[in-house]
Amino acid sequence: MTVFHIDRKKAILSVLKKHETATVQELVDATGASESTIRRDLTDLESQQLIKRLHGGASLSKRKMEEPSMSEKESVNQTEKQAIAQAASTFVEHRHCLFIDAGTSTIELIPFLHNKEVIVVTNGIHHVPLLLENGIETYVTGGKAKPHTAALTGDKAVESVEAFRFDICFLGMNGVDGRQGFTTPDPEEAVVKKTAMSLAAQSYVLADHSKIGEVSFASVASVDQAAIVTTNKVDEHTLQQLQQETAVKVVNL
């Protein structure tokens, strides 16, 4: 019986590693266990800090300094990220000056800017070819290239950003939490994000549901410093908490 418990919990963790989040019903289907048994297993796994309970399901616990690579992130929640990016693009007007942060959520924004004749400043190395492909006037920050995320960071990146002023700043975040604010694993990258926000008339954080309620190592800003664009995959209670702090655009999937 003990082995069965262990195998079932391994199966739960395997589902979460593959999909990042799962509902209780999805875990019931994957394991053949009852709903009450799955809920008990989730409580046990949360007490071991292996998972985080969500409304109606669970997600893997994330280490505060853990930062997946671009290749690891780009296929995760991609449909959701595209829907968020399309919604965010509606805030952009003709000839706006934009800062577009490095990351797999913000890169999805670029194709939706094709006909807006915007000017973009970015610290995302992977963003540059796509911006040029779409005929967008592009400025690239200086800075140290991070091998994992292809982001330009450090003092040179901050100095580059400080030379511009933006109508809108679009940012990605690893953590979005009503109490702990916007967070990211790398303190140097946090400074770039914070600087860009301070120089923009309006800032938007593009965050799929897996980022909501998470907290990473380095603070960027409190949640009232930027509007949030996310989806209805975030549970209603969490959305209501965020909406008390800032404007939240919810995209229905």
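Since the model is a prediction, treat every value here as computed from it, not as a measurement.

### Some remarks on the overall build of the protein
Phase 1: On a plain count of helices and strands, the protein comes out with nine helices and 15 strands.
Phase 2: For the protein, the C-alpha radius of gyration of 19 Å lies close to 18 Å, the compact-globule estimate for 253 residues.
Phase 3: The proportion of buried residues among the 253 residues of the protein is 51%.
Phase 4: Taking the intrachain contacts of the protein between residues at least 6 apart in sequence as the baseline, contacts between residues at least 24 apart amount to 60%.
Phase 5: Distance between charge centres in the protein, computed from 26 positive and 33 negative side chains, equals 5 Å.

### A look at helix H3 (residues 35-47)
Phase 1: Given a rise of 1.5 Å per residue, 13 residues ought to cover 18 Å, and the 19 Å separating the end C-alpha atoms of H3 matches this to within 8%.
Phase 2: Restricting attention to buried positions, one finds in H3 the residues Thr37, Ile38, Asp41, Leu42 and Leu45. Angularly, the buried residues of H3 cover 140° about the axis, an arc narrow enough to put them on a single face.
Phase 3: Within two residues after H3, glutamine 49 carries a phi angle of roughly 60°, on the positive side.

### Overview of the packing of aromatic side chains
Phase 1: All chains considered together, the criterion is met by five aromatic pairs.
Phase 2: Ring geometry for phenylalanine 99 versus phenylalanine 166: centroids 5.6 Å apart, planes at 55°, classification tilted. Taken together, the residues span a long stretch of sequence, with phenylalanine 99 in strand E4 (residues 97-100) and phenylalanine 166 in strand E9 (residues 166-172) at a distance of 67 residues.
Phase 3: Relative accessible area serves as the criterion here: at 0%, phenylalanine 99 is assigned to the buried category.

### So, unusual backbone geometry
Phase 1: Here the phi dihedral of arginine 95 falls at roughly 70°; this positive angle occurs in a residue that is not glycine.
Phase 2: Structurally, arginine 95 can be placed in the loop between helix H5 (78-89) and E4.
Phase 3: If you check the backbone angles, alanine 150 has positive phi at about 55° while not being a glycine.
Phase 4: Checked against the element boundaries, alanine 150 lands in the loop between strand E7 (144-145) and strand E8 (152-153).

The rules behind the values
Residues numbered from 1 in each chain as written. Predicted model: local features only at pLDDT ≥ 70, side-chain atom pairs only at ≥ 80, totals over all residues. Heavy atoms only, no water. Helix = DSSP H or I, 4+ residues; strand = E, 2+ residues; numbered from the N terminus. Rg over C-alpha atoms; globule rule 2.2 N^0.38 Å. Buried < 20%, exposed > 50% of the residue type's maximum accessible area, 1.4 Å probe, protein only. Contact = heavy atoms within 4.5 Å. Lys, Arg positive; Asp, Glu negative; His and termini not counted. Charge placed at Lys NZ, Arg CZ, Asp CG, Glu CD. Expected span 1.5 Å × (residues − 1). Arc of directions from axis to C-beta. Phe/Tyr/Trp six-rings, centres within 6.5 Å; stacked < 30°, edge-to-face > 60°.

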